[in-house]
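Each chain is listed here by its residues.
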Amino acid sequence: MILFPAIPLSLPARSGNRPPRIQRRGIPAYTVLFALIVTASPLPAEEDGEISAIQREVGDLRRRLEELEARLQFLLEKKEAAAEAGTVPGETGTDDRMAATEKPATNNERIEVVNTEPPPGPDISAGGRIYFDAIYNSRSGGGGSNRADQAFNPAAIPVEGSGEDHQTAYSARDSRLWVKAHSPTAIGDLAGYIEIDFVGGGGNERVSNSYNPRLRHAYAVYKGLTLGQTYTGFLNLSAYPETNDSNGPAGILNIRQPLLRYQHPFHWGDLTLGLEQPETTLTTAGGSLAVDDDRVPDIVTRLDFSGDWGNWSLAGLIRQIRHDSAEAFVAADSQWGGAVSASGRIYIGDRDNLRFSLAYGNALGRYLSFNSFDDGVLDGRGNITLTDVLGGFLSYQHWWDETLRSSLTVGYARADHDLLIAPAEINKSFYSAHINLLWSPTLNTSIGIEWLYGHRKLEDGRDGELNRFQFTSSYKF
Amino acid sequence: MKILPCLLLIVFSLARADESVTRAPASDSHAVLNAVHSSELRTIMARLNRLSYEREYPELELDRMRAEQIRALVDAALELDRSAERLPDITEGMEPESEESITFRALSRQLYQETVNLEKHLDDADHSALKAGYRRLQHTCNACHKLFRRQ
């Protein structure tokens, strides 16, 4: 017995070149009856959540049936009214799809599928993460507000004769806050993003641990154009390994700076071109020097290739390293240098992946290993000699199941200084190893432990090492 | 008892439909089922979920990556839906108005509608609606699997 007449359902036409959909049949009311019977049948208790989902589906079906009844009634009334007025809806250009966009006279619920109005104003949302580290260090690196004890900086590993043994540090400074906005416009989506953390210095561990916020990102994106501060285009972020430590391994590229960047997709991949904040760093007899004498922005280009197998990138960097001095007997000097890098993430099996990065150049300096090396060496007469730097890492991530995974990461970085002009107590090389176990009981939480080993060697032959055990919890919201 | 073979056919067909996408296409109707990309759908959903574990990507970049994955998801879901739609027509002995057939088609219709919704949110760059739309699509998938995948 058919309780209700079958009602044809119109859906919006498909976009693009997809084949047309086969005309669907109507929904007899006993669909609902059957669905109710099905959901009333006994099912294992542990599947309550899915039963609830099915019940919601049944509820949706019932609601849709009511909508369709209301719509049919509306159309019938409209047709009758048109007949009385001497017109027929189909003849006045009111096809099924257009009719479906009209709100049913007897139903206050909108039909979501046919709402073609863009959302009004910008869509603004905020979020962040609460990040907690409990760390035990074999050696204390100290640093401003003890940062070197909280995040791995290979250049801060104490060498022979310095630092203190055994130290515990707790930190929530790597917590982050962000705000983003998407503004639909007539010419496309305009988006903006600001993110801060609390690694901005200041604070102490005596009373309130009230560290200053630090700007991480502040940029706007329109199509492929990015303006503002974010990660350098020289870096393929997909290759960034998952370590508990916020900084990552020795040899990693990690720079955020103001930039102007354009990315264009081609059939073979993406091409990125960018102009970025220049900053020359030089080694002098008195130590490291960051000068404000730059005139030409850093020029960055990157090619990205991706597929189901993963992705990899090839990047190039051109920089002018420049120094000028007010002192009469010191000449101004500038040198052009460059660097190249290859990096990526390759999927292995269903879940595992291999992440890698290798970079080399004579203007790599501050881009590698958290500014552990300078771009060049400045002699007493103001002449710059660029420093060749090599760095990279390899990280294999294994997923034990859908929520439990481990990463084994090794990194290395080395600089070849001209020791005729460079002081002997500067950094020569670093290497590090991380191994961790992370568990995510939900998609937005992670807890885990990590062991980190780091080694630092100076040009004068002294070295130092660090063992770190780190517990981390993270909640993203 | 007449319903039993129909049910078996549906389960068998859906099981076949779930197999790898690497099968060579053929001209008979069962080959259409074999071409269903549901394993691809699961792979995409797994990758979407795993984006939540990314630590260094700015959220805006994650939005772009989610949109890319959801675009692939839409294509795979529409492909799945097209194959599901043909199911009653190629299953011998299936009565078009049987309860299973009607429910299956109703859920198939819902899958299609939610996929179209998702596509529209993509076109509008409505990232907030994308998340909710994706969750609804997952519910529909789960409901259909619960009712028709008996293995």
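Not measured: the values here are computed from a predicted model.

### Re the environment of Ile435(A)
Residue and element names in this part refer to chain A.
And step 1. Within the secondary structure, Ile435 sits in strand β19 (residues 427-439).
And step 2. You can call Ile435 partly exposed: its relative accessible area is 43%.
And step 3. Ile435 sits 191 residues away from Asn244 along the chain, and the two C-alpha atoms are 9.1 Å apart.
And step 4. With residues up to four places along the chain from it excluded, the contact list for Ile435 reads Ser407, Leu408, Ile449, Glu450 and Trp451.

### What to know about the side chain of Arg176(A)
And step 1. Structurally, the position occupied by Arg176(A) is in strand β3 (residues 176-185).
And step 2. Judged by its relative accessible area of 7%, Arg176(A) falls in the buried class.
And step 3. A distance of 3.4 Å separates a polar atom in the side chain of Arg176(A) from a polar atom in the side chain of Glu56(B).
And step 4. In this structure, Arg176(A) is in contact with Gly127(A), Gly128(A), Arg129(A), Glu195(A), Ile196(A), Asp197(A), Arg216(A), Arg55(B) and Glu56(B), ignoring residues within four places of it in sequence.

### Observations regarding the nonpolar core
And step 1. Phe234(A), Leu253(A), Leu364(A), Tyr367(A), Ile70(B), Leu73(B) and Leu118(B) are the most contacted members of the largest nonpolar core, which has 50 residues in total.
And step 2. Element by element, the count of residues in this core is highest for helix α4 (residues 59-90) of chain B, at 10 residues.
And step 3. With sequence-adjacent residues up to four places away left out, Leu253(A) is seen in contact with Phe234(A), Leu235(A), Ser341(A), Ser357(A), Ala359(A), Leu364(A), Tyr367(A) and Leu368(A).
And step 4. Counting 8 residues, the second-largest nonpolar core is a separate cluster that includes Ile54(A), Phe104(B), Ala143(B) and Leu147(B).

### Some remarks on the confidence of the model for chain B
All names here are of chain B.
And step 1. Summary statistics for chain B give a mean pLDDT of 71 and a share of 63% for residues scoring 70 or more.
And step 2. Contacts from residues 9-37, a stretch scored under 50 in pLDDT, to residues over four places away or in other chains number 46 contacts.
And step 3. The complex model carries a pTM of 0.74, and its ipTM stands at 0.72.

### A few points about helix α5 (residues 99-123) of chain B
All names here are of chain B.
And step 1. Counted at 1.5 Å a residue, the expected span for α5 with its 25 residues is 36 Å, and the 36 Å between its end C-alpha atoms agrees.
And step 2. Taken across its 25 residues, α5 has 23 buried, putting it largely inside the fold.
And step 3. Two residues or fewer after α5 comes Ala125, characterised by a positive phi angle close to 55°.

### Here's the deal with the packing of α5(B) against helix α6 (residues 127-148) of chain B
All names here are of chain B.
And step 1. Closest axis-to-axis distance for the α5/α6 pair is 9 Å, and the angle between their directions is 165°. Between α5 and α6, the angle falls in the class roughly antiparallel. Crossing of α5 against α6: the hand is left-handed. Together, Glu100, Thr103, Phe104, Leu107, Gln110, Leu111, Glu114, Thr115, Leu118, His121 and Leu122 of α5 and Ala129, Leu130, Gly133, Tyr134, Arg136, Leu137, Thr140, Cys141, Ala143, Cys144, Leu147 and Phe148 of α6 make up the contact between the two elements.
And step 2. Residue composition of the contact of α5 with α6, grouped by class: 14 nonpolar, 6 polar and 3 charged.

### Thoughts on unusual backbone geometry
Residues and elements named next belong to chain A.
And step 1. The phi torsion at His166 lies on the positive side, around 55°, for a residue other than glycine.
And step 2. Mapped onto the elements, His166 comes out in strand β2 (residues 164-171).
And step 3. Residue classification places His166 among the exposed positions, given a relative accessible area of 53%.
And step 4. Its identity is not glycine, yet Phe370 carries a phi of approximately 55°, on the positive side.

### Examining the sheet that holds strand β16 (residues 384-386) of chain A
Residues and elements named next belong to chain A.
And step 1. In spatial order, the strands read β10-β9-β15-β16; together these 4 strands make up an open sheet with mixed pairing. In the strand order of this sheet, the two ends are held by β10 (287-291) and β16, each with one partner. Looking at each pair of strands side by side, their axes are set apart by 35° on average, direction ignored.
And step 2. Pairing analysis gives 2 bridges linking strand β9 (residues 280-284) to strand β15 (residues 376-378), with the strands arranged parallel. Pairing of Leu282 across the sheet is with Gly376, part of β15.

What counts and how
- Residues numbered from 1 in each chain as written.
- Chains lettered and ligands numbered in written order.
- Predicted model: local features only at pLDDT ≥ 70, side-chain atom pairs only at ≥ 80, totals over all residues.
- Heavy atoms only, no water.
- Helix = DSSP H or I, 4+ residues; strand = E, 2+ residues; numbered from the N terminus.
- Buried < 20%, exposed > 50% of the residue type's maximum accessible area, 1.4 Å probe, protein only.
- Contact = heavy atoms within 4.5 Å.
- Polar contact = N/O pair within 3.5 Å; in protein donor to acceptor, adjacent residues only side chain to side chain.
- Core = buried A, V, L, I, M, F, W, Y, C linked by side-chain atoms within 4.5 Å.
- pLDDT = per-residue confidence, 0-100.
- Expected span 1.5 Å × (residues − 1).
- Axes fitted to C-alpha atoms, helices over the stretch in contact; angles between N-to-C directions.
- Parallel < 35°, antiparallel > 145°, perpendicular 65-115°, else oblique.
- Left-handed = near helix turned anticlockwise from the far one by under 90°.
- Nonpolar A, V, L, I, M, F, W, Y, C, P; charged D, E, K, R; others polar.
- Pairing = 2+ DSSP bridges.

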